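# Coordinate inspection notes
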Amino acid sequence: MNLISPTGVEVNIGETLQPDEYIGMCRREIMDKYLRDRAIEYGAEPINGLVTSIDVPADHKVSESPYTIHYQEYQEGSSAGVCRREIMDKYLRDRAIEYGAEPINGLVTSIDVPADHKVSESPYTIHYQEYQEGSSAGVPKSMEVDLIVGGDGANSRVAKAMDAGQYNFAIAFQERIKIPDDKMTFYEEMAEMYVGDDVSPDFYGWVFPKYDHVGVGTGTVVNRPAIKQYQKAIRDRAGEKIAGGKIIKVEAHPIPEHYRPKRVQGRIALVGDAAGYVTKCSGEGIYFAAKSGRMAAEEIVKLMKGGTVLPTQAQIEDTYLAKYDKLYGPTYAVLDALQKVFYTNNGAREAFVELCNSKYVQQVTFDSYLYKKVQGNNPLDDLKLLGETVGCLMRGYSRATPDAVFS
């Protein structure tokens, strides 16, 4: 083996090796497969998956307490899915009822929050209009409860009642479009994201498949009054691929841009969009809504000790909020930074698209999306990615058209 200096001086550092000694070079993909196969041959049971976390007991050095490994097991056909909320929401309602929840078909109109609710066990009073067949207004009713978990969306009435504070939001606009069957074939295994200041000055436009039709939409924070202009632009960009389609439904929703200033007050906790749990870049909130709802419920049930005590605000913050922020805080921070870098102007958007041609970027992106944690633990590839990013930004700015100015 030769060792070569910066000026080209070469030194053979293998001169002391004996005839039966050598410096070996291996191909890791071959060696790793050999080691895996050898382990299986000797009785190991392999799991094809990604370890996400490991629970280490506090007394593990002096006890025989077991460790708990959490992992995502690979499943054939794993993919980034697009769901139809009307079907998913019904499934979740039915599942909750199956597990013992008592549903009320109604609309919450107001919530009475006792002035001393942070230091007492005074009940909350929920006022609502219960749906009644043949009635347009419903029947006014109320109920007293010890604790409230608010998962009632971006325009949360629970958040308003608990004075959770405001957050900035994007407006997302989408048209469900039924397109001809021959055109729908293209979208059976395809989703599209469009970037450019014509479709959004700070987000992206999309065409997502919805089984037998497509959802075509866009979103923006900085220029919400122009949302219909951007919607027309995304339809124009999709062009012939959705030509001849019929609009069957129009939807518009606010998308939170960050956490609410207060997510727990007294015995009221917020989850999902009500809490502001939507990621930048992708605008995804469904997973985090479901996950935060489960985490809040599990922690509160533990704190209530079989219904014998009511949890305090500090206890809910130290369990549910602390665990959620530890688990997903880094993800929100990284995606926020990425959106600020790549969604701000056409030069950066050009760089973003070019960068996404990298297999490493795609691997890190989809692993992060699928497992909801920031991936990428290869320092060498991360360093290469930094260089590629700078190069892509330089090329992107050189060929991009200036962004349109709006007031």
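So, here's what we can say about the structure. No experiment lies behind these values; they were computed from the predicted model shown.

Reading the values: rules and limits
- Residues numbered from 1 in each chain as written.
- Predicted model: local features only at pLDDT ≥ 70, side-chain atom pairs only at ≥ 80, totals over all residues.
- Heavy atoms only, no water.
- Axes fitted to C-alpha atoms, helices over the stretch in contact; angles between N-to-C directions.
- Helix = DSSP H or I, 4+ residues; strand = E, 2+ residues; numbered from the N terminus.
- Parallel < 35°, antiparallel > 145°, perpendicular 65-115°, else oblique.
- Left-handed = near helix turned anticlockwise from the far one by under 90°.
- Contact = heavy atoms within 4.5 Å.
- Nonpolar A, V, L, I, M, F, W, Y, C, P; charged D, E, K, R; others polar.
- Buried < 20%, exposed > 50% of the residue type's maximum accessible area, 1.4 Å probe, protein only.
- Core = buried A, V, L, I, M, F, W, Y, C linked by side-chain atoms within 4.5 Å.
- Expected span 1.5 Å × (residues − 1).
- Salt bridge = Lys/Arg side-chain N within 4 Å of Asp/Glu carboxyl O.

One can describe the packing of helix H9 (residues 346-355) onto helix H11 (residues 379-399) by two numbers: an axis separation of 7 Å at closest approach and a directional angle of 135 degrees. Judged on the interaxial angle alone, H11 and H9 are oblique. Between H9 and H11 lies a crossing whose hand is right-handed. On H11, the residues touching Gly347, Ala348, Glu350, Ala351, Glu354 and Leu355 of H9 are Leu385, Glu388, Thr389, Cys392, Leu393, Arg395, Gly396, Tyr397 and Arg399. Residues of the contact of H9 with H11, tallied by class, amount to 7 nonpolar, 3 polar and 5 charged.

With that settled, the discussion passes to unusual backbone geometry. Phi at Asp163 is positive, roughly 60 degrees, even though this residue is not glycine. By relative accessible area, which is 52% here, Asp163 ends up exposed.

Position of Pro402 among the secondary structure elements: in the segment after H11. Assessed through its relative accessible area of 72%, Pro402 is described here as exposed. Residues Pro402 and Gln363 lie 39 residues apart in sequence; the distance between their C-alpha atoms is 31 Å. With residues up to four places along the chain from it excluded, the contact list for Pro402 reads Asp197 and Asn346.

A few words now on the nonpolar core. The biggest cluster of nonpolar side chains holds 30 residues, and the ones touching the most others in it are Ile148, Val158, Leu270, Tyr277, Ile316, Tyr320 and Tyr324. Looking at this core, the elements with two or more residues in it are strand E6 (124-130), helix H3 (157-161), strand E15 (268-270), helix H6 (272-275), helix H7 (286-304) and helix H8 (313-342). By size, the runner-up hydrophobic cluster in this structure holds 20 residues, among which are Ala172, Val221, Ile255 and Leu335.

With 14 residues, helix H2 (residues 85-98) should reach 20 Å at 1.5 Å per residue; the first-to-last C-alpha distance of 19 Å fits that figure. Of the residues one or two after H2, Gly100 is the one with positive phi, at around 115 degrees.

Before going further, it helps to spend a moment on the pattern of salt bridges. Under the defined criterion, the tally for this structure stands at 22 salt bridges. One salt bridge in this structure joins Asp37 and Lys33, with 2.7 Å as the shortest N-O distance. Note that Asp37 and Lys33 are positioned in helix H1 (residues 28-41) at a spacing of 4 residues, about one turn of the helix. For Asp37, a relative accessible area of 36% puts it in the partly exposed group. Taking relative accessible area as the criterion, Lys33 reaches 45% and is therefore assigned partly exposed. When the shortest N-O distance is used, the salt bridge between Glu86 and Arg176 registers 3.2 Å. Within this pair, whereas Glu86 is found in helix H2, its partner Arg176 is found in strand E9 (residues 169-178), the two being separated by 90 residues in sequence. Residue Arg176 is classed as buried on the basis of its relative accessible area, which comes to 5%.

Keep in mind these values describe shape, not function.
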